[in-house]
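Chain by chain, the residues:
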Amino acid sequence: MPVSYKDLGLINTKPMFTKAVDGGFAVPAFNFNNMEQLQAIIQACAEADSPVILQVSSGARKYANQTILRYLGQAAVEYAKELTGGKGLPIALHLDHGADFEICKACVDSGFSSVMIDGSHHPFAKNIELTKQVVAYAHDHDVTVEGELGVLAGIEDDVEAAEHVYTQPDEVEEFVGQTGVDSLAISIGTSHGAFKFKPGQDPKIRLDILHEIERRIPGFAIVLHGASSVPPELVKIINDNGGRLDDAIGIGEDQLREAAKSAVCKINIDSDGRLAMTAAIRKHFAEHPDHFDPRQYLSPARDSLQKLYMHKCQAVLGSAGHGQEIMASL
Ligand code: G3H
Ligand code: 13P
Ligand code: ZN
């Protein structure tokens, strides 16, 4: 039996992006794979009064099961109400890097409010055709769709691209016009994972390409993938406690702030959450070698995640304080 996200209290990304464009901020899109990550996301967003996009990747579906993740998304709505004295938060449940029409359809039918169809590895015409097919089905169910143009370097769903293929600004109008997507992920030098730049490389992203895209499609919601900052203090805790993450480098917060103030309405963060959990767990075990109850080491991991997400909303993306404003616009 198909389930609509509307019956679960979720919303699609349209009202979030409308406010993000007007307000010069970006909505956080945090990946989650388990209950502790979800709790930390909702605790942080409730405290910061931030809208949030909960992202489910193909790796998450394999690890946790899509049905379980959908119910966790539903639980997030109720948990947010509990934490905000009944007011609730604007929460979207989003498929991250949907590879084909079938997975996007399955997510729409199971209660997701937003899907990404990632046709970026296909030739331009095939990307348009596939994205259009997903948009037709999703829009019939009031589900919003994110497309992608350009390829990020690094590992994306087990496919490794050695070099960035930057988004070509002269393709975006045709892509957006022909497909009818609600948002567009672009490639401007960010990449997935914790090793985004090589030591000695200038760790800069191509904000000039972003601004040229913004000039061509003003007011349209742009998405940044691979936007973790890889905080050096977390890498240090990991390495000081038995880890080996040499040369992990991320995207500078100042560049993300600038992107969020312009056309970027959604910023994807996964790796920083992984680092925060790992750092807390490694430290906990180093200090308490006798502990073996998962609650003992997952509690500090969850606290550390919550702190990280709060920082993103308040100090980087600017989404803090916009939650109730979006709720009031629904
Ligand atoms: O797109 C990349 C995300 O970080 C998800 O990665 O498929 O390993 O969960 P994953
Ligand atoms: P990071 O690996 O930089 O956190 O990016 C996550 C992402 O883009 C998920 O789609
Ligand atoms: Zn991504």
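These numbers come from a predicted model, not from an experiment.

**Student:** I'd like a rundown of helix α4 (residues 66-83), residues and numbers included.
**Tutor:** For α4, spanning 18 residues, the distance from its first C-alpha to its last is 25 Å, which sits close to the expected 26 Å at 1.5 Å a residue. Q66, L69, R70, L72, G73, A76, V77 and A80 are the residues of α4 that are buried. Each buried residue of α4 sits inside an arc of 155° when the element is viewed along its axis, so together they form one side. Elements that come into contact with the buried residues of α4 comprise α2 (35-48), β2 (52-56), α3 (58-64), β3 (91-98) and α5 (101-110). By the N-cap criterion, in which a side-chain oxygen at the helix start approaches the backbone nitrogen of a residue two or three places on, α4 is capped by N65, the distance to T67 being 2.8 Å. Looking at the residues trailing α4, positive phi occurs at G85, about 60°.

**Student:** Talk me through the sheet that holds β3; I want residue IDs and the actual numbers.
**Tutor:** Taken together, the 8 strands give a closed barrel; going around it, the order is β1-β2-β3-β4-β5-β8-β9-β10, and neighbouring strands pair in parallel fashion. Sheet twist, expressed as the average angle between the axes of neighbouring strands with direction ignored, equals 25°. Where strand β1 (residues 27-31) and β2 come together, 3 bridges link them in parallel fashion. Following the sheet pairing, N31 is matched in β2 by Q55. In the packing of α5 onto the sheet, contacts are made with β3 and β4 (114-117), and the angle to β4 comes to roughly 175°. Those strands touched by helix α10 (residues 253-261) are β9 (221-224) and β10 (264-269), and its axis lies near 145° from that of β10.

**Student:** So what about the environment of D272? Which residues, and what values?
**Tutor:** Tracing the backbone through its elements, the reader meets D272 in helix α11 (residues 271-287). Here the alpha-carbon distance between D272 and K62, two residues 210 residues apart in the chain, equals 21 Å. A polar atom in the side chain of D272 sits 2.7 Å from the backbone nitrogen of S229.

**Student:** Could you give an account of the packing of helix α9 (residues 232-240) against α11, naming the residues involved and the relevant values?
**Tutor:** Contact pair α9 / α11: the axes reach a minimum separation of 8 Å and the direction vectors enclose 35°. For the crossing formed where α9 meets α11, the hand is left-handed. In contact with L234, I237 and I238 of α9, α11 contributes D272, L275, A276, T278, A279, R282 and K283.

Here is what the cut-offs are and how they apply
Residues numbered from 1 in each chain as written. Chains lettered and ligands numbered in written order. Predicted model: local features only at pLDDT ≥ 70, side-chain atom pairs only at ≥ 80, totals over all residues. Heavy atoms only, no water. Helix = DSSP H or I, 4+ residues; strand = E, 2+ residues; numbered from the N terminus. Expected span 1.5 Å × (residues − 1). Buried < 20%, exposed > 50% of the residue type's maximum accessible area, 1.4 Å probe, protein only. Arc of directions from axis to C-beta. Contact = heavy atoms within 4.5 Å. Polar contact = N/O pair within 3.5 Å; in protein donor to acceptor, adjacent residues only side chain to side chain. Pairing = 2+ DSSP bridges. Axes fitted to C-alpha atoms, helices over the stretch in contact; angles between N-to-C directions. Left-handed = near helix turned anticlockwise from the far one by under 90°.

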